[in-house]
Amino acid sequence: MTSIRIAQRAQRIKPSPSGAAADRAQELKREGRDLVNLVVGEPDFDTPAHVREAAIAALRQGDTRYPHNWGTPALRAAISRKLARDNGIDYGAEQVLVTHGAKAAIFLALSATLDAGDEVIIPAPYWVSYPDMVLACDGTPVIVPCSEAARFKLSAAQLAAAITPRTRWLLINSPANPSGATYSAEEYRALAEVLLAHPQVMVMTDEIYEHIRYDGRANPHLVAVEPRLRERVLIVNGVSKTYAMTGFRIGFVAGPLPLVKAIAKLKSQSAGTSCSISQAAAVAAYEGDEGFLAHNREVYQQRRDRAVALINAIPGLGCLAPEGAFYLYVNCAGLLGKRTPAGTLLSDDQAVVLYLLEQAGVALVPGAAYGLSPYFRASIATSLENLEQGIGRIARAVAALS
Ligand code: PLP
């Protein structure tokens, strides 16, 4: 008899709950269920034509071999220019490492830096993968709940209270998935003040939603706001959300060279070099016309405004207008304690999400997955028509509760 032994590292973690919810929604749809899918974590816009053309041209030109482990010189140079142009920060191409999406960048960075028991401060609600990645890398996630009253943002006082001698990282995601929270220069300055007093703490800035912001909000960069932190900030970003390139799997890190070198070493001995065709496409994304960004932002903002108004008109539900990213984080505290027509008690946000799936045919992700309950996440990366239909269904299902 074979006995397969699974390492503690893999036993400690669970599969991504938003990924599981997305898979389930797709399955139900395939089974013929009439479903409005508000789980989607990727833009519903097409990848820009010039980006797709660049991928095709790369294939035609035979750009099909192993590229350099760090990324192609063209892409690293384009990222260096992008950091200066969009973020006002100066990083040479030699400080940039191309990765297999932002997700792999974060995992590699944690695995290059964490030893058993090292702590990582994660403001909640958080992107589902952060705590499990920390656990997989033998670290200890330190979750700091950030209330809706504080617009789901970490305060300087909360940060100061969470830091210990074992703290290795603060993970900041701005604009944030799922809350849409976006840090202003002033808010960064307050956090930086605390960080300057704790030189052992590095900061990982996950900026994957940087261009999806509303109401003309600026997008200050922590390093530009506080250059004294530069030697311990690791920038994580990529093309997935901005350029609707989720399938291309291109991300990057930029930061202090010794840190980026350690991450590159792990990359070279694990997933290895990143796809040559995707890298050619990413160069076109960073260097090409970005006119579509303003258009996409406008479309997302119209959807946000409409969806927020519709949700806030439902008794028992409420949500803040997100400052960025493409999700609503809906407070469902007003539904807890109610009963479904079938007599089931809605005791937590998972029960609410299950009820809305079964009764209304609307797929959502429970707040429990993001470390702050009772909420659910609704994606606005779908048409206005779908949003109106989905939220209308939610309203009717909520009205049927007693
Ligand atoms: N970071 C956040 C906050 C995300 O929401 C996601 C994707 O959902 C990622 C990183 C992953 O990005 P990528 O597709 O580049 O791996």
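Residues numbered from 1 in each chain as written. Predicted model: local features only at pLDDT ≥ 70, side-chain atom pairs only at ≥ 80, totals over all residues. Heavy atoms only, no water.

This part takes up the pattern of salt bridges. Pairs may arise between side chains of opposite charge once their charged atoms sit close together. Applying the stated criterion across every chain yields a total of 20 salt bridges. Its salt-bridge partner being Asp44, residue Arg303 comes within 2.7 Å of it at the nearest N-O pair. Of this pair, Arg303 sits in helix α12 (residues 291–312) while Asp44 sits in the loop between β1 (36–37) and α3 (49–60), and the two are 259 residues apart along the sequence. Taking the relative accessible area as the measure of exposure, Arg303 reaches 6% and is therefore buried. A single salt-bridge network, built from bridges that share partners, covers Lys82, Arg85, Asp86, Glu210 and Glu290. (Salt bridge = Lys/Arg side-chain N within 4 Å of Asp/Glu carboxyl O. Helix = DSSP H or I, 4+ residues; strand = E, 2+ residues; numbered from the N terminus. Buried < 20%, exposed > 50% of the residue type's maximum accessible area, 1.4 Å probe, protein only.)

What follows covers unusual backbone geometry. The linkage connecting Ala124 with the following residue, Pro125, adopts the cis geometry, with an omega of 5°. By the secondary structure assignment, Pro125 is in the loop between β3 (119–124) and α6 (129–136). Cis rather than trans, the peptide bond between Ser174 and Pro175 has omega equal to -10°. Secondary-structure assignment places Pro175 in the loop between β5 (167–173) and α8 (185–196). Despite not being glycine, Asp138 has its phi angle at roughly 70°, a positive value. On the secondary structure map, Asp138 appears in the loop between α6 and β4 (140–145). With a relative accessible area of 32%, Asp138 lands in the partly exposed category.

The accessible area lost on association of the parts is a frequent measure of interface size. Looking at the protein, the domain boundaries give domain 1 (8–46 + 292–399) and domain 2 (63–287). Measuring from the centre of the C-alpha atoms in domain 1 to the corresponding centre in domain 2 gives 26 Å. The interface of domain 1 with domain 2 comprises 36 residues on the first partner and 35 residues on the second. Counting the surface lost from both domain 1 and domain 2, the interface buries some 3300 Å², and carbon and sulfur atoms represent 55% of this. Its largest share of buried area at the contact with domain 2, domain 1 owes to Arg297, Leu320 and Glu323, together 21% of the area lost on that side. The tally of links from domain 1 across to domain 2 stands at six salt bridges. Between Arg304 and Asp215 there is a salt bridge, and its shortest N-O distance comes to 3.0 Å. Put simply, domain 1 and domain 2 have 22 residue pairs in polar contact (both at pLDDT 80 or more) between them. Contributing elements (two or more residues each) for the side of domain 1 that touches domain 2: α2 (17–30), α12, β9 (327–331) and β12 (375–379). (Domains from an automatic or database assignment. Contact = heavy atoms within 4.5 Å. Buried area = accessible area lost by both parts, 1.4 Å probe. Polar contact = N/O pair within 3.5 Å; in protein donor to acceptor, adjacent residues only side chain to side chain.)

This paragraph deals with the site of the ligand. Around the ligand sit 13 residues, and of these Ala102, Asp206, Tyr209, Lys241 and Arg249 come closest. Separating an oxygen atom of the ligand from a side-chain N or O atom of Arg249 is a distance of 2.8 Å. Look at the ligand: alone it shows 400 Å² of surface, and the protein chains cover 92% of it. Counting residues per element, the shell around the ligand draws most heavily on helix α5 (residues 101–113), at three residues. Of the residues assigned to the shell around the ligand, the class counts are five nonpolar, four polar and four charged. (Near = heavy atom within 4 Å. Areas by Shrake-Rupley, 256 points an atom, 1.4 Å probe, with all protein chains shown as cover. Nonpolar A, V, L, I, M, F, W, Y, C, P; charged D, E, K, R; others polar.)

With that out of the way, let us pick up the packing of aromatic side chains. Applying the stated rule across the entire model yields 14 aromatic pairs. Between the aromatic rings of Tyr209 and Phe326, the centroid separation amounts to 5.3 Å while the plane-to-plane angle is 85°, which identifies the pairing as edge-to-face. Taken together, the residues Tyr209 in the loop between β6 (202–206) and α9 (222–225) and Phe326 in the loop between α12 and β9 connect sequence positions 117 residues apart. With relative accessibility at 3%, the residue Tyr209 sits in the buried group. Judged by centre distance (5.9 Å) and plane angle (90°), the ring pair of Tyr329 and Tyr370 falls under edge-to-face. (Phe/Tyr/Trp six-rings, centres within 6.5 Å; stacked < 30°, edge-to-face > 60°.)

Bringing the sheet that holds β9 into the picture now. Here we have three strands laid out as an open sheet, ordered β9-β12-β11, and antiparallel in their pairing. In this open sheet, the two strands that pair with only one neighbour each are β9 and β11 (365–366). (Pairing = 2+ DSSP bridges.)

Look at helix α13 (residues 349–360) against helix α14 (residues 384–399): their axes get within 10 Å of each other, and the N-to-C directions meet at 105°. With respect to α14, the axis of α13 lies roughly perpendicular. Note on element contacts: α14 touches α13 through Arg393, Ile394 and Ala397, opposite Tyr355, Leu356, Gln359 and Ala360. Of the residues belonging to the contact of α13 with α14, the class tally is five nonpolar, one polar and one charged. (Axes fitted to C-alpha atoms, helices over the stretch in contact; angles between N-to-C directions. Parallel < 35°, antiparallel > 145°, perpendicular 65-115°, else oblique.)

This part is about the sheet that holds β3. Hydrogen bonds between backbone groups are what pair the strands of a sheet, and the pairing can be parallel or antiparallel. A sheet is described by the order of its strands in space; here seven strands give the open sequence β2-β8-β7-β6-β5-β3-β4, paired in mixed fashion. Only two strands of the sheet have a single neighbouring strand rather than two, namely β2 (96–99) and β4. With strand direction ignored, the average angle separating the axes of adjacent strands in the sheet is 20°. Both β6 and strand β7 (residues 233–238) contribute to a ladder of four bridges, which runs parallel. Bridge assignment links Thr205 to a residue of β7, and that residue is Ile235.

A few words now on α6. Extensive coverage of α6 is indicated by the burial of seven of its eight residues. Buried within α6 we find Ser129, Tyr130, Pro131, Asp132, Met133, Val134 and Ala136. In this structure, the buried side of α6 is in contact with α1 (8–11), α5, β3, β4, β5 and β6. Positive phi appears at Asp138, one or two residues downstream of α6, with a value of about 70°.

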